[in-house]
4 protein chains.
Amino acid sequence: MDTEGDAGNSTEDDPGNRAGEGDAASDTQDAIMGATYRALCEHGYANLTMQDIADEFDKSRSLLHYHYDTKEDLLLAFVEQMVGWIGDRLAETETEDPLPRLEEYVDRFVIEPGESDRQTFALAIIELRVQAVHHPQFREKLRSHYERNVETVAEILADGIEAGVFRDVDPERVGEAIYTAMVGARTYQVTLGAEDATRRMRDAIAEFVATDLLVADRDVAEYAG
Amino acid sequence: MDTEGDAGNSTEDDPGNRAGEGDAASDTQDAIMGATYRALCEHGYANLTMQDIADEFDKSRSLLHYHYDTKEDLLLAFVEQMVGWIGDRLAETETEDPLPRLEEYVDRFVIEPGESDRQTFALAIIELRVQAVHHPQFREKLRSHYERNVETVAEILADGIEAGVFRDVDPERVGEAIYTAMVGARTYQVTLGAEDATRRMRDAIAEFVATDLLVADRDVAEYAG
Amino acid sequence: MDTEGDAGNSTEDDPGNRAGEGDAASDTQDAIMGATYRALCEHGYANLTMQDIADEFDKSRSLLHYHYDTKEDLLLAFVEQMVGWIGDRLAETETEDPLPRLEEYVDRFVIEPGESDRQTFALAIIELRVQAVHHPQFREKLRSHYERNVETVAEILADGIEAGVFRDVDPERVGEAIYTAMVGARTYQVTLGAEDATRRMRDAIAEFVATDLLVADRDVAEYAG
Amino acid sequence: MDTEGDAGNSTEDDPGNRAGEGDAASDTQDAIMGATYRALCEHGYANLTMQDIADEFDKSRSLLHYHYDTKEDLLLAFVEQMVGWIGDRLAETETEDPLPRLEEYVDRFVIEPGESDRQTFALAIIELRVQAVHHPQFREKLRSHYERNVETVAEILADGIEAGVFRDVDPERVGEAIYTAMVGARTYQVTLGAEDATRRMRDAIAEFVATDLLVADRDVAEYAG
DNA sequence: CATGAATGAGTTTTCATTCAT
DNA sequence: TATGAATGAAAACTCATTCAT
């Protein structure tokens, strides 16, 4: 289940998911990833310096180079981390029924104007995605993340079709369209400050689902069955 | 009519299309804008240097500063130029009927794998859009451009509704959804190399239009009329 | 005529060989070469930094990079310059007779304890020569310089043989031995502080020449011819 | 007897030739010296880092500092070790007769193109000798080593003179000239890649010895005696 | 003994910007 | 206009050294 928004934030703003002592190396590396995230959100990829990252870090700048040979290495590790933060939550949901599950999925994209953390997180992903054009390694990681998300929607759709809830559409195509449309709305909201763009797109998709995707006599059929 | 794709390309790939001598200042500034465009596409915003721009230019770096005090000034002028290149073609179309006009509009977003110029142009816009977060001045320009595009789709829809071709939806909402979805697909295709993402989204929207937007008995009505 | 010792010193300590205004670029580059020379002598190759060079220079550090992209480029240019400084004087002499010419040549290697400039210059060459092991480009330049010097001695010997002054030895072999021996003595003197090592080698060679190289009855033969 | 070439090689290419357990401290320090030698040869003095040495070692960088406070301390110890490796073999020979002994001595300098170990070892000495200029402590050690070598040749010559084999030359002077010339040739060969330079110098010296140093009627005298 | 982590000073290099011509 | 030269601030990266364990 996609929760690009809050997943990351909670994870590294509150990296409390380590038990006991942990190993120092891992601690430090986690801290570096967190610092990188904060610095990226604050300064933007284009202006991000090692110093910016160090400033969000309670250790010295040199230590960044101790753990990652180059800035590029560090950022590549960060992309992996970022994808990991999101990916871990991809399948999380307790909802089983296809329709509410789809609604829940789409709902999670909505960013309220006040949720600056989620806005910020979304921006970070967009920034990295743009860099992907120039960095093949970034691209591979972000692309497979994107495809995994599309796949998640497709599965919900496939489940619904099988259950007779949704019309017999191509789950891949429609799934990609839904995910891509939500990502587009999020990009619009985050980059150009279009308040409520995600909410409007959520509503548009909900309407599309109601009007066009749901099997017309679903309620009847269901109760009939 | 949105033609972000080819509008820019023809314009700055061939920036020699002005008549007569013109005034030298303008010539030079146009050349700088063209060079900036090429440099941006080649290096990406994050790595763009004044030297990169000068290299795409047959003049010296100093001259850039003669025309624009700072790099930021230059880039701000570039954003304006960029929006202008697109905007000039916004209303261009010979199609009048709402349905084909909508189809034409959406069609123009499709980027074929081989069209690297259009891909490149789309990328430039995306790069700038991301920077908009950190540059309020960029944001204003790009946002109004975005809204103008949404408005164009909305008008097509409004025309169609008025003509009885389209169902009575909210033209703003649906227009924004359509435009945003296409932009999302374009971003996906360009940044992550998802070949045919724009084509698939175009098809999805076409299907949505046919199934959900067209007035059911349109053909009948039309021929009846 | 080889005068590795004083050639360089006079050249860049007193770069008065430019006419009138000259071009600034060349002036500056000459100044950089001079500064590099002084910094090299003071700090040694192993510890030489761009800052050290800048400190011997009346311009900024950045300017070094303006003229030479990297430290390595600068040092390669310096090696060329160094070889040039020496090479220009290679053929200079007014002496014609082979024996005095050979004596003059060997004599010029002698470094008196007080001649710190020449000592310093000799050291610079030795430092570069050691680096040649790790830098093929240095190696080529320094090797051809070495060979040119050997050739010069060989020519003196060949002249002397032809004139019947010297015994019929292989000029190349003996020339290389003489030059190499003098260079070895200079290295000994300069690196290990062996005062008078060059003078002692000069004397040894002079004795060798007198005892072994000169045609025994030269005077007689000459006049007889 | 000088065997700078092979002496070192056998010693540190195979630093495992100590019996039994030995004391650990010494073992480690020997290993550090060996690693330093290899690192020096590979990277050159100018680029030699503690990390380079540690890389040739199966232990950590920190351990180097445990045994030697500073890099300079380590290198000073290394110079001593180096001189020791050579010095131990200085007097080794079974030859008694002055002429063959001198020939043997000079012969040992010859480095065949394929003998990369000996080339490498010679280079290490040259690198250190250049540093001697800036490090008085290095200088003392290397200078006394040099003088000891000169002395060895001088003794051979003195023996030969006393035995009536050699002409009555100044053994110190001629010995220094011979040793210095061979070192010069070795430097030429090793730093500038002059293949066979040592062999040619050996031949030149051999000829000098035959022509100029041997007592003219030596063979007669000898057999007559 | 031995190490990984950490640091600070220093090194090369980059880059927007200025200036004299 | 137009440029090459020049600069200073800051960037990434290096490295000897220290320290807790």
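Residues numbered from 1 in each chain as written. Chains lettered and ligands numbered in written order. Predicted model: local features only at pLDDT ≥ 70, side-chain atom pairs only at ≥ 80, totals over all residues. Heavy atoms only, no water.

Chemist: What's the story with the packing of aromatic side chains in this structure? I'm lost.
Modeler: Both the distance between ring centres and the angle between the ring planes are used here to describe each pair of aromatic rings. Summed over the entire model, instances satisfying the criterion amount to 32 aromatic pairs over all chains. An angle of 45 degrees between the planes, with centres 5.7 Å apart, marks the rings of B:Y37 and B:F121 as tilted. Of the two residues, B:Y37 sits in helix α2 (residues 24-43) while B:F121 sits in helix α7 (residues 116-132), which places them 84 residues apart along the sequence. Using a relative accessible area of 2% as the deciding quantity, one classes B:Y37 as buried. Relative to D:Y179, the ring of D:Y146 has its centre 4.8 Å away and its plane inclined at 85 degrees; by these criteria the two rings are edge-to-face. Residue D:Y146 is located in helix α8 (residues 136-162), and its partner D:Y179 is located in helix α9 (residues 171-192); the two are separated by 33 residues in the primary sequence. Of the two residues examined, D:Y146 and D:Y179, each falls in the buried class. Through pairs of rings, three or more aromatic residues link up here, namely A:Y105, A:F109, A:Y146, A:Y179 and B:Y188. (Phe/Tyr/Trp six-rings, centres within 6.5 Å; stacked < 30°, edge-to-face > 60°. Helix = DSSP H or I, 4+ residues; strand = E, 2+ residues; numbered from the N terminus. Buried < 20%, exposed > 50% of the residue type's maximum accessible area, 1.4 Å probe, protein only.)

Chemist: In this structure, what is going on with empty space enclosed by the protein? I would like to understand it.
Modeler: In this approach, a probe sized like a water molecule rolls over the atoms, and the result shows the empty space that is left. Throughout the structure, instances matching the rule amount to 9 cavities of 30 Å³ or more. Residue lining of the largest cavity: C:I126, C:R129, C:Y146, C:V183, C:G184, C:T187, D:R129, D:V183, D:G184, D:T187 and D:Y188, and that is the complete set. For the lining of the largest cavity, the elements supplying multiple residues, two or more each, are α7 (116-132) and α9 (171-192) of chain C together with α9 of chain D. Considering every element that reaches the lining of the largest cavity, the biggest residue donor is α9(D), with 4 residues. (1 Å grid on protein atoms, 1.4 Å probe; cavity = no way out; pocket = protein on both sides within 12 Å on 5 of 7 lines; lining within 4 Å. Points joined across faces, edges and corners; volume = space filled by probe spheres on them.)

Chemist: Honestly, the relation of the copies chain A and chain B in this entry has me stumped. Any pointers?
Modeler: Relating one copy of the chain to the other requires a rotation about an axis plus a shift along that axis. In the superposition of chain A on chain B (RMSD 0.1 Å, axial shift 0.1 Å), the rotation amounts to 180 degrees. Each copy turns onto its partner about a two-fold axis. With an isologous cut-off of 70% or more, the 100% of interface residues of chain A that recur at the interface of chain B puts this contact in the isologous class. (Least-squares fit on C-alpha atoms with pLDDT ≥ 70 in both. Contact = heavy atoms within 4.5 Å.)

Chemist: Even after reading the chapter, I still don't get helix α10 (residues 197-213) of chain B, so can you show me in this structure?
Modeler: The α-helix advances 3.6 residues per turn, and as a result positions three or four apart in sequence lie on the same side. With 17 residues, α10(B) extends 22 Å between its outermost C-alpha atoms, agreeing within 8% with the 24 Å of an ideal straight helix rising 1.5 Å per residue. Turning to α10(B), its buried residues number three or more, namely B:A197, B:T198, B:M201, B:R202, B:I205, B:F208, B:V209, B:D212 and B:L213. Seen along its axis, α10(B) keeps its buried residues to an arc of 135 degrees; they face one direction. Buried residues along α10(B) sit in contact with α9 (171-192) and α10 (197-213) of chain A together with α6 (98-107), α8 (136-162) and α9 (171-192) of chain B. (Expected span 1.5 Å × (residues − 1). Arc of directions from axis to C-beta.)

Chemist: In this structure, what is going on with the interface of chain C and chain D? I would like to understand it.
Modeler: Where interface size is given, it is often the accessible area lost as the parts come together that is meant. The interface of chain C with chain D comprises 43 residues on the first partner and 43 residues on the second. Together, the buried faces of chain C and chain D total about 3400 Å²; carbon and sulfur atoms form 64% of this surface. The largest per-residue losses of area from chain C upon contact with chain D belong to C:H134, C:Y188 and C:L192, which jointly make up 19% of the total buried on that side. Close ionic contact of C:E207 with D:R167 constitutes a salt bridge, the shortest N to O distance being 4.0 Å. At the surface where chain C touches chain D, the tally comes to 8 residue pairs in polar contact (both at pLDDT 80 or more). Contributing elements (two or more residues each) for the side of chain C that touches chain D: α2 (24-43), α7, α8 (136-162), α9 and α10 (197-213) of chain C. Of the residues assigned to the side of chain C that touches chain D, the class counts are 21 nonpolar, 9 polar and 13 charged. (Buried area = accessible area lost by both parts, 1.4 Å probe. Salt bridge = Lys/Arg side-chain N within 4 Å of Asp/Glu carboxyl O. Polar contact = N/O pair within 3.5 Å; in protein donor to acceptor, adjacent residues only side chain to side chain. Nonpolar A, V, L, I, M, F, W, Y, C, P; charged D, E, K, R; others polar.)

Chemist: Even after reading the chapter, I still don't get the protein's contact with DNA strand E, so can you show me in this structure?
Modeler: Near DNA strand E there are 33 residues, and of these A:S60, A:S62, B:K71, D:S60 and D:S62 occur at the shortest range. Looking at DNA strand E alone, sugar and phosphate atoms form 56% of those within 4 Å of the protein. A:Y66 is positioned with one of its side-chain polar atoms (N or O) 2.9 Å from a phosphate oxygen of DNA strand E. Within the residue set of the surface near DNA strand E, elements represented by two or more residues are α2 (24-43) and α4 (61-67) of chain A, α4 (61-67) of chain B, α3 (50-55) and α4 (61-67) of chain C together with α2 (24-43) and α4 (61-67) of chain D. A total of 4 residues in the surface near DNA strand E trace back to one element, the largest contributor, which is α4(A). Of the residues assigned to the surface near DNA strand E, the class counts are 11 nonpolar, 16 polar and 6 charged. (Near = heavy atom within 4 Å.)

Chemist: Is there a simple way to explain the protein's contact with DNA strand F in this structure?
Modeler: As a structural note, the neighbourhood of DNA strand F is formed by 32 residues, with A:K71, B:S62, C:S60, C:S62 and D:K71 the closest of them. Taking the atoms of DNA strand F that fall within 4 Å of the protein, sugar and phosphate contribute 59% of them. The contact in question runs from a phosphate oxygen of DNA strand F to an N or O atom on the backbone of A:K71, over 2.8 Å. Separating a phosphate oxygen of DNA strand F from a backbone N or O atom of D:M50 is a distance of 2.9 Å. Elements represented by at least two residues in the surface near DNA strand F include exactly α3 (50-55) and α4 of chain A, α2 and α4 of chain B, α2 and α4 of chain C together with α4 of chain D. Per-element accounting of the surface near DNA strand F gives the leading share, 4 residues, to α4(C). For the surface near DNA strand F, the residue count by class is 10 nonpolar, 16 polar and 6 charged.

Without other data, these values stay purely geometric and don't point to any function.
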